[in-house]
Amino acid sequence: MPGTRIQNSGRLAPYACTPEASSRLHIEEADPFRNAFERDCDRIVHSSAFRRLMRKTQVFVNIEGDLFRTRLTHTIEVSRVARTIASNLSINADLAESAALAHDLGHTPFGHAGEEELEKLMRPYGGFEHNAQAIRIVTFLERHYPKFDGLNLTFETLEAIAKHNGPIRGNVPYALEAYNRQHDLRLDTWPNLEAQVASIADDIAYNCHDLHDGMRAKLFGVEEIEQLSLIGPEFRRIRSRHAKADESRCLYQALSGSFSALVTDVLRTTRNILFDAKPECPDDVRLMGAATAKFSPSMEEKVQDINKFLSKYMYRNDEMEGERDRGRRIIRNLFEIFLDDSSLLPPEWGTDFIRTNGDGAKARLVADYIAGMTDRFAIQTHSDLVDSKF
């Protein structure tokens, strides 16, 4: 029956991706202990870019407190949600996890403010976009293997990184266009269902944990939280049952209940879509013409309610604007300094390549270097180069 909870029997649905059918750009021998998607997960976790997520901004710059989420802890939370949803849909949880683990690899220091500034600076040179940058990282910038650049991930993981938010048509971002010429990722279709699950797991994770972090930072209080159509009723229900409990405990439990409600809604809605469409293979999902993993219309309204709330009280909060401006200024100054004198880049960053390939190549390499920085390293490098105090 559509909409009912189905425990995973261990057998994959026909529309699930299977590691046996996967492929890589560079042919490698099979691993005796891991399937292809498990191998992708391990390669991502062992990458330099993944480790740097530990000190990259989620919302709060990673010098403001040890208890706020970072890109790394956010990524771990997304991967757990993705595995839960994938397992209950009888699709490949290992692939959903690899998509989740890689989804934020291309983010700059200082969160979205840093990305917006770097995108502006790179407009004359082909632009900057974090999904495209993640592809550049896993196909070119990570260099650990003697036979190829990048991590040589499977097609399915790469398409998840490239288009987990949907098809890419029209102007294709720089790194996607370059890689797609040698390995067609079918950018004009929807991605595999596991990638879609990772994408909606991202929405679930950040909506809930950003509310938690915002409360901890005292950007809003219980009175504001109670206005939310999803969390408010759950909070009041819990507080009425536990009148002597601290508000912080009641809020945490309300967020946990709301988290479960979001996951349950995705499972119910996605199962109904699959029941009606009856896809028989992964390509049937890719060609459905719309997202398969999604919230119901009523839950989507509640999610948008949270998004607007967070935008008002947190993402565009005037008290945080100073930190965002500082991040933008650091990115801008570093870009201008390195573009003016590329000898300041570490030797392994290819100054010979720059000399023979012109300003566009120089700007791209500078963007690669800056995008890979952690918040703390960017602040320290900026301080060292311009001798300013922050």
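Residues numbered from 1 in each chain as written. Predicted model: local features only at pLDDT ≥ 70, side-chain atom pairs only at ≥ 80, totals over all residues. Heavy atoms only, no water.

**A look at the overall build of the protein chain**
Link 1 in the chain: For the protein chain, the helix and strand inventory stands at 17 helices and zero strands.
Link 2 in the chain: Scaling as 2.2 N^0.38, a compact globule of 390 residues should have a C-alpha radius of gyration of about 21 Å, and the protein chain matches this with 22 Å.
Link 3 in the chain: Along the first, second and third principal axes, the C-alpha set of the protein chain runs to 65 × 50 × 40 Å.
Link 4 in the chain: When each of the 390 residues of the protein chain is scored for burial, the buried share is 54%.
Link 5 in the chain: Expressed as a percentage of contacts within the protein chain between residues at least 6 apart in sequence, the contacts between residues at least 24 apart total 72%.
Link 6 in the chain: With the model as given, the accessible surface of the protein chain reaches about 18,200 Å², and the carbon-plus-sulfur share is 49%.
Link 7 in the chain: Once the 50 positive and 59 negative side-chain charges of the protein chain are each reduced to a mean point, those two points are 3 Å apart. (Helix = DSSP H or I, 4+ residues; strand = E, 2+ residues; numbered from the N terminus. Rg over C-alpha atoms; globule rule 2.2 N^0.38 Å. Buried < 20%, exposed > 50% of the residue type's maximum accessible area, 1.4 Å probe, protein only. Contact = heavy atoms within 4.5 Å. Areas by Shrake-Rupley, 256 points an atom, 1.4 Å probe, with all protein chains shown as cover. Lys, Arg positive; Asp, Glu negative; His and termini not counted. Charge placed at Lys NZ, Arg CZ, Asp CG, Glu CD.)

**With respect to the pattern of salt bridges**
In a structure, side chains of opposite charge can pair up when their charged atoms sit close to one another.
Link 1 in the chain: One pass over the structure, following the stated rule, counts 26 salt bridges.
Link 2 in the chain: The partner of R39 in a salt bridge is E28, and the shortest N-O contact between them spans 3.6 Å. Separated by 11 residues along the polypeptide, R39 in helix α1 (residues 36-45) and E28 in the segment before α1 bring together distant segments of the chain.
Link 3 in the chain: On the basis of relative accessible area, R39 is assigned to the buried category, the value being 13%.
Link 4 in the chain: For K120, the salt bridge identified is with E117, shortest N-O distance 3.6 Å. Taken as a pair, K120 and E117 lie in helix α5 (residues 111-122) at a separation of three residues, close to a single helical turn.
Link 5 in the chain: By relative accessible area, which is 43% here, K120 ends up partly exposed.
Link 6 in the chain: Accessibility expressed as a relative area gives 3% for E117, which makes it buried.
Link 7 in the chain: One network of salt bridges, in which partners are shared, links E159, K163, R186, D283 and R286. (Salt bridge = Lys/Arg side-chain N within 4 Å of Asp/Glu carboxyl O.)

**A closer look at the environment of N35**
Link 1 in the chain: The residue N35 is located in the segment before α1 in this model.
Link 2 in the chain: With relative accessibility at 23%, the residue N35 sits in the partly exposed group.
Link 3 in the chain: Leave out the neighbours within four places in its chain, and N35 touches P19 and D94.
Link 4 in the chain: One polar contact links the side chain of N35 to the main-chain amide nitrogen of F37, over a distance of 2.9 Å. (Polar contact = N/O pair within 3.5 Å; in protein donor to acceptor, adjacent residues only side chain to side chain.)

**Overview of the confidence of the model for the protein chain**
Link 1 in the chain: Mean pLDDT for the protein chain: 90, with 92% of residues reaching 70 or above.
Link 2 in the chain: For the stretch residues 1-9, pLDDT sits under 50, and the model shows 14 contacts to residues farther than four places along the chain or on other chains. (pLDDT = per-residue confidence, 0-100.)

**A closer look at the packing of aromatic side chains**
What characterises a pair of aromatic rings is the spacing of the ring centres plus the angle enclosed by the ring planes.
Link 1 in the chain: In the structure shown here, the tally under the stated rule is six aromatic pairs.
Link 2 in the chain: Between the aromatic rings of F220 and F309, the centroid separation amounts to 4.9 Å while the plane-to-plane angle is 70 degrees, which identifies the pairing as edge-to-face. Of this pair, F220 sits in the loop between α9 (193-216) and α10 (222-225) while F309 sits in helix α14 (residues 297-315), placing them 89 residues apart in sequence. The pair F220 / F309 is uniform in exposure class, with both members buried.
Link 3 in the chain: Taken together, F220, F309 and Y313 form an aromatic cluster joined through their ring pairs.
Link 4 in the chain: Its guanidinium or amino end placed over the ring of F140, R143 lies 4.3 Å from that ring's centre, counting from NZ or CZ.
Link 5 in the chain: Across from the ring centre of F275, 4.5 Å away, lies the NZ or CZ of K278, which sits over that ring. (Phe/Tyr/Trp six-rings, centres within 6.5 Å; stacked < 30°, edge-to-face > 60°. Lys NZ or Arg CZ within 6 Å of the ring centre and 35° of its normal.)

**Points about the side chain of S296**
Link 1 in the chain: With respect to the helices and strands, the residue S296 is situated in the loop between α13 (282-286) and α14.
Link 2 in the chain: Accessibility expressed as a relative area gives 13% for S296, which makes it buried.
Link 3 in the chain: A polar contact is formed between the side chain of S296 and the side chain of D265, at a distance of 2.7 Å.
Link 4 in the chain: Setting aside chain neighbours within four positions, we find S296 in contact with D265 and T269.

**Details of the nonpolar core**
Link 1 in the chain: Core analysis: the biggest nonpolar cluster contains 55 residues, and I85, L211, I225 and I231 have the highest contact counts within it.
Link 2 in the chain: Among the secondary structure elements, those contributing two or more residues to this core are α3 (71-88), α4 (93-102), α9, α10, α11 (231-241), α12 (247-277) and α14.
Link 3 in the chain: Per-element tally for this core: the top contributor is α9, with 11 residues.
Link 4 in the chain: Leave out the neighbours within four places in its chain, and I225 touches L211, M215, F220, I231, G232, L251 and F309. (Core = buried A, V, L, I, M, F, W, Y, C linked by side-chain atoms within 4.5 Å.)

**Some details on the side chain of H107**
Link 1 in the chain: Position of H107 relative to the elements: it lies in the loop between α4 and α5.
Link 2 in the chain: Exposure remark for H107: the relative accessible area of 2% places this residue in the buried category.
Link 3 in the chain: With residues near it in sequence (within four places) discarded, H107 still touches K56, R71, H112, E115, H130 and A371.

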